[in-house]
Amino acid sequence: MIKNLPLFDLYYNEEKDTKTLYHFTSSKSFFLILDDLKLKISSFKNLNDLNEANLRNFEFQNKEFRDELKEYIDNNCGIISFSQDYQIKGFPIKGINHPAMWAHYAGNSEGVCIAIDKDLFIKKNKNILSRKKSFYRFGSVRYRPINAPRNVVYNGEKLSEFIKKYYKSLFFLKHIDW
């Protein structure tokens, strides 16, 4: 195990919250979005990052719990990815200017980046987001050389409660290469 490796955020947002969200998509998907003005929620079963939901990086003593948690996330959780404005070494950069997002999600740079007013998006989708079983979070992803979550302990709580408690480590922590 590597110790004392400095952790830093490659992309970070000085503000706690930005007003514009950017959603990268292929041209084909963009026209589907235009048809009904809806964004598709992706299943964790079909994502392109092997470490999505960070389960490989948790140091669970109980393999059965990890497997149960993975199955629960695969069957009950979804994700819509957004980018936001960010800074590199103090220089502000618009979220639309994100080469990795263009390459991964916008049809190898031939797709579209949709700018969305965050407050209006939440207001227009309040009935969906406030459903009793729904749990949603907006947040900045932290990119680190080692994305193993720290201080995560399973105390026998329901899987849904564990996810609510550790959602930042599960869903908002990614490897710097990503």
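If you're wondering where the values come from, they're calculated on a predicted model, not measured in any experiment.

Attention now moves to the overall build of the chain. Looking only at helices and strands, the chain features 6 helices and 8 strands. Tracing the chain from N to C terminus, the helices and strands come up as β-α-β-α-β-β-β-α-β-α-α-β-α-β. Expressed as a percentage of its 178 residues, the buried residues of the chain come to 32%. Contacts spanning at least 24 positions in sequence make up 78% of the contacts within the chain whose residues lie at least 6 apart. When the accessible surface of the chain is split by element, carbon and sulfur atoms take 52% of a total near 12500 Å².

So, on to the nonpolar core. If you look at the biggest cluster of nonpolar residues, it comprises 15 residues, and the most contacted ones within it are L69, I73, F162, I163, L170 and F171. Going through the elements one at a time, α2 (63-76) and α6 (159-171) are the ones with two or more residues in this core. By residue number, the principal contributor to this core is α6, which donates 7 residues.

Time to look at the side chain of T25. For T25, the position within the fold is in strand β1 (residues 20-25). Classification of T25 by relative accessible area gives buried; the value is 6%. Look past the residues within four positions of T25 in its chain and what remains in contact with it is F30, I33, Y105, A106, G111, V112 and I114.

Next up on the list: unusual backbone geometry. At L37, a position not held by glycine, the phi torsion is positive, near 55°. Residue position: L37 is located in the loop between α1 (27-36) and β2 (42-43). Not every positive phi belongs to a glycine, and N108 is a case in point at roughly 55°. The residue N108 is located in the loop between α3 (99-105) and β6 (112-117) in this model.

Turning our eyes to something else, we now look at the confidence of the model for the chain. A residue-level look at the chain finds 81% of positions with pLDDT of 70 or above and a mean pLDDT of 79. Confidence, read as mean pLDDT per element, is least for strand β8 (residues 173-175) in the chain (77) and greatest for β6 (93). Every residue in residues 1-17 scores below 50 in pLDDT, and together they form 36 contacts with partners more than four places removed in sequence or on other chains.

Glancing now at the packing of aromatic side chains. Under the criterion given, the structure shown has 9 aromatic pairs. Look at F24 and W102: their rings are 5.2 Å apart centre to centre, the planes differ by 80°, and that puts the pair in the edge-to-face class. Pair noted here: F24 is in strand β1 and W102 is in helix α3, with a separation of 78 residues, a long-range link. Take F24: its relative accessible area is 6%, and that puts it in the buried class.

Conventions used here
- Residues numbered from 1 in each chain as written.
- Predicted model: local features only at pLDDT ≥ 70, side-chain atom pairs only at ≥ 80, totals over all residues.
- Heavy atoms only, no water.
- Helix = DSSP H or I, 4+ residues; strand = E, 2+ residues; numbered from the N terminus.
- Buried < 20%, exposed > 50% of the residue type's maximum accessible area, 1.4 Å probe, protein only.
- Contact = heavy atoms within 4.5 Å.
- Areas by Shrake-Rupley, 256 points an atom, 1.4 Å probe, with all protein chains shown as cover.
- Core = buried A, V, L, I, M, F, W, Y, C linked by side-chain atoms within 4.5 Å.
- pLDDT = per-residue confidence, 0-100.
- Phe/Tyr/Trp six-rings, centres within 6.5 Å; stacked < 30°, edge-to-face > 60°.

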